[in-house]
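The primary structure of each chain is shown beneath.
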Amino acid sequence: MYDHFADRLQAEFDRLLFALESIITHGIETDDSSFELVAERSNESLSTPGFELQSLGSKIRALNGETEHSDDDERGLAIGEADRTDLEAYTAELESNIQQAREQGVDLRLDRLVSAFDLSRTHLDAFLLALGPVLDRSVSVAYGRIRGTGQPQLPTVDLLEDLLVVLHGSTDNDDSEPPGEVLASPSPLFEYGLLERQHRSENVSPVYDTVTVDERIVQFLKGDDSLDPILSERVSIEHHDRTLSDLVFDDETTAPLEAIEQRTNATDVPSIYYFSGEDGTGKNSLPGAFSDPETPVLRADATVLEDTDLTTHLIREAALQEAAIHLEGLESVTGDEEGPTIDEEDGTLEITTAEDRPSVDTIVERLDDAPGDVFLSHTDEWKPDIDLEAHGVETAHCPFPEYDTRLAIWEEYRTEFAEDSLLENVATNFRLAQRDIRRAVKTARYLCRTDAATEDLKNVAVPDTDHEEISTVFAPVDDALEREHCYEACKRYSASNLEALAEPMETGYTFEDIYLNDKPKTHLRELCGHLQYRGQVTSEWGFGEPGDRGDGVVAMFYGPPGTGKTMAAEIIANETGLDLYRVDLSQIVNKYIGETESRLAALLEEAERSNAILLFDEADSLFGERTDVGDSTDRYANNVTNFLLQRLESFDGIALLTTNKRSGIDPAFKRRIAHSILFDVPQERIRQRIWQEVWPDEATVDTDNFDYEFLGRIVVTPAIVRKITKYAAYIATTEAHDGHPLADSSIDFDGVTITFDHVLLALQYATEAGGVAIEQDFLQYEDKLRSYENQRVSREWEEELSRKYGNETDTDSSGPEDGLDGDSDADAGPLESNADTPSNKRTASSTNPDDGRSPEAVVSEFVSRLADGDDSAHRFYHPRSIADEFTSKELAMLEHGELAIGSDIERVRDASDRVVLEFDQELNTEDIPERVDGVPANATYELRPVEGEGWRIFSISER
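Residues numbered from 1 in each chain as written. Predicted model: local features only at pLDDT ≥ 70, side-chain atom pairs only at ≥ 80, totals over all residues. Heavy atoms only, no water.

By the naming in an unreviewed UniProt entry, the chain goes by AAA family ATPase and is assigned to Natrialba chahannaoensis JCM 10990. Its UniProt record gives the chain a comment under Sequence similarities (unreviewed entry), which states: "Belongs to the AAA ATPase family." (UniProt positions renumbered as here; feature names shortened; annotations may be inferred.)

This brings us to the environment of R944. Counting through the fold element by element, R944 comes out in strand β20 (residues 938-946). On the accessibility criterion, R944 (18% relative accessible area) is buried. Distance from R944 to R880, taken between C-alpha atoms, is 9.8 Å for residues 64 residues apart in sequence. Among the polar contacts listed, one links the side chain of R944 to the side chain of E942, at a separation of 2.9 Å. (Helix = DSSP H or I, 4+ residues; strand = E, 2+ residues; numbered from the N terminus. Buried < 20%, exposed > 50% of the residue type's maximum accessible area, 1.4 Å probe, protein only. Polar contact = N/O pair within 3.5 Å; in protein donor to acceptor, adjacent residues only side chain to side chain.)

A few words now on the sheet that holds strand β5 (residues 297-301). Strands sit in the order β3-β5-β6-β9-β4-β10 across an open sheet of 6 strands; the sheet is mixed. Looking along the sheet, the strands with just one partner apiece sit at the ends: β3 (235-238) and β10 (392-397). Sheet twist, expressed as the mean angle between neighbouring strand axes with direction ignored, is 20°. Where β5 and strand β6 (residues 324-328) come together, 5 bridges link them in parallel fashion. (Pairing = 2+ DSSP bridges. Axes fitted to C-alpha atoms, helices over the stretch in contact; angles between N-to-C directions.)

With that settled, consider a negative patch on the surface. Residues D301, E306, D307 and D309 make up a contiguous surface patch of negative charge. Within the element layout of this structure, E306 appears in the loop between β5 and α13 (308-321). Taking relative accessible area as the criterion, E306 reaches 54% and is therefore assigned exposed. (Patch = residues over 30% accessible without salt bridge, like charges linked within 9 Å, V, L, I, M, F, W, Y side chains within 5 Å. Areas by Shrake-Rupley, 256 points an atom, 1.4 Å probe, with all protein chains shown as cover. Salt bridge = Lys/Arg side-chain N within 4 Å of Asp/Glu carboxyl O. Lys, Arg positive; Asp, Glu negative; His and termini not counted. Charge placed at Lys NZ, Arg CZ, Asp CG, Glu CD.)

It is worth spelling out the packing of aromatic side chains at this point. A complete count under the given rule lists 22 aromatic pairs for this structure. Centre to centre, the rings of F710 and Y781 are 5.1 Å apart; their planes meet at 65°, and the pair counts as edge-to-face. Taken together, the residues span a long stretch of sequence, with F710 in helix α27 (residues 708-712) and Y781 in the loop between α29 (756-768) and α30 (797-805) at a distance of 71 residues. Judged by its relative accessible area of 14%, Y781 is buried. Their ring planes at 35° and their centres at 5.1 Å tell us that F919 and Y941 sit as a pair that is tilted. Linking F919 in strand β19 (residues 915-922) with Y941 in strand β20, this pair joins segments that are 22 residues apart in sequence. Grouping residues by exposure puts F919 and Y941 together as buried. An aromatic cluster is present here, built from W695, F706, Y708, F710, F756, F778 and Y781 joined pairwise through their rings. The ring of F954 has R944 sitting right over it, with the charged end atom 3.7 Å from the ring centre. (Phe/Tyr/Trp six-rings, centres within 6.5 Å; stacked < 30°, edge-to-face > 60°. Lys NZ or Arg CZ within 6 Å of the ring centre and 35° of its normal.)

As a further point, take the side chain of T334. Along the chain, the position of T334 falls in helix α14 (residues 331-334). A polar atom in the side chain of T334 sits 2.9 Å from the side chain of H378.

The next subject is a nonpolar patch on the surface. Together, Y533, V537, W541 and F543 give the surface a local cluster of nonpolar side chains, amounting to about 500 Å² of exposed area. Mapping W541 onto the fold places it in the loop between α20 (518-540) and β12 (553-558).

Moving on: the pattern of salt bridges. Under the criterion given, the structure shown has 49 salt bridges. The salt bridge partner of D125 is R15, with a shortest N-O separation of 2.8 Å. Residue D125 is located in helix α5 (residues 121-135), and its partner R15 is located in helix α1 (residues 5-27); the two are separated by 110 residues in the primary sequence. For D125, a relative accessible area of 0% translates into the label buried. The buried category is assigned to R15, whose relative accessible area is 3%. Here R865 and E861 are joined by a salt bridge, their closest N and O atoms 2.9 Å apart.

Pasting the structure below:
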């Protein structure tokens, strides 16, 4: 028995040297009859000829295992009959010793080659004949004597063929390959690079190629276990002691993995494992769980498969190391990534294809040559349709961890958190894979210990293994991880390619900074609660969406400009601790068909991975209502809308939509929008507070004489208030310098004070040159306003009054009415009326003191705005109105068709809580292409009061 792999190697060479001596002694004429290669050889006579080779025909037949002997053959290379008998006995004893060593568990390195590459005795002899000169110079001397050169010689193909024919050409062993096949290119000796052929020159026949043994194999047989130098930069050797129970998966994933483990443990046949899923989901940890602790794993990027030689060396190295193979990122080789991707290098958008790439089936069939287990990682699932000779096939999918799984991973580090609630918060707000959660914990430890700035993390190398973190800044902490540590760490491992299609926004606002009525402010807080606790509600309470529907949140903020919609998005981001990105529509919308959808797909997918909030400002440009297809432009726009409708069904991120025109959003989107929050103009009490708090601390403002009651009655948005205060500051500074702001003298602000008079002048300037429509009369402050010498009135005041307010002055002597408090848009103009309202209709029960307009005046103004194609007409709708809003296309048709009231307005019901009006509407249908719904010829309008606003339209029907 052999106690060491070197003993077996020595025995093999003793056997071959015995054969070479016999050939030299009995098959070649030589003057040195005492030439011996093995000491203490037997004195038995070797004169009886055994096998001979001379003619070409005999050689060819011998190489193919078809040799026949003839008395007429000329003498050639030969082994004596007695020596052949001794050789066979020696070989039998050698095989017996090998078997005993195997049974005793002795590591015979040469045996690894035989087993891994299925080498026969003929293969092994060819290999040893090529290896001999490397280990012992006397072998090369023997080759020179055999060829009659008298000089040491390396083995050639021709020499090895002759020697193999002598050793095996006459054997009757059916399991032994013919010598010719052993040295052919398909032979495993050359297929796996054990032997190499060195071609001398083009003028020399290939049979004289020198045959050498690859250097990695030589070093391996000498006891070197280091990695093949060719692979050292692409492959790593890993040892694992984890088990499947050490990994965290949901129950639906764990069950099939446990079944795979049971099947593979019950057989000795190696397996090719195919694990799919996104990066970091645990698929790359599974090879360590499915491998024995003593079995090393050769880990490499799957791109090594693109190089045939590297693949061969990898399979060969797995045999030498008795290791499993783990190839990551197989999708980069197969090209199976579907859909658009954002390039990680420069953030550019790319559409990937799978042209001219090998299939998974092809790769798996190639890896069937590996000696042991093979693990493949891919993003996409695969259904095997192949039959392998040497391996079984197992597949499993590792889904992106849902809330329960993420929380279970965070729970492993509970003792390190300052507050237990942080675990639920980070598990909810950050959709991180297993690997990234563990990295985030280590990064949070680093931030906790060093107080490093966020930007400094770019240069910090966080260890992936626990062994590297002991006694470092990455070691565990006790009750020390705060929210800022965890959130900044989690953001580091969120996707970072969103900036290619969206703009990051600073999020410094809080709820204290926004001026909202109670209703939208309450709704906004409820939205924050949805975002903060959606993980627990959907998972722990079972409110998650069924099937493939996503648990993402889509919210819409709608209302006039300047009411705080964008600020609210920043508040949401600040409250949840998430980053906010504003979608850059110039990077999304593309003129090429299908390109916009591709960019939107990349944007939404990246938003899901980035753990950020996506803000679509002016959302109606993307989420607009679908139209009837009249041309290719309509079809293209509809395709974009259809894509968004479908994609939002499975969206798992957070998207906020803002729009000034809710009616411009396609109705189908409204079902997919979880929160629709109206941002109306703040009520009077809030407007007063805005005027009181809007002034910066650095400015000198004389607020003692401010008439906040008057300012509060001005129906404007917070943005308009800030705009007017800036005008007041500019007017004050200009006035302080005698109206010469560009004078050469230095400007001194110390004595400049902003007064209420400056605010009045700013209000006047805003209406005259600032694009602001203000419905409030200045009344007692008329004398404070500027007058202009060239001011002219282009029409009689009675005509202007009639155009603006209708014939209602006889019932309201207090002057022009206010706008619609709460819904009026400063830029859209006042809610006016141009209809005559019979005085006998102005009963106490039909007049709302909050507004002053009669139901007839409201309806008249509504129809008038529709006739102008003005979508501000929708502001006359009741908050619970059942009437459909008109689309932009319908408004254009109403304008072109000259919609008008064609009869007197008759009040058929008059109550304090509702009024019903009937009248005829006229529309020139000959001038429009199609019928407009919602404009009946014989119309019935029902109006109901809204507290603080007045009468609003509840329904429209045909009588």
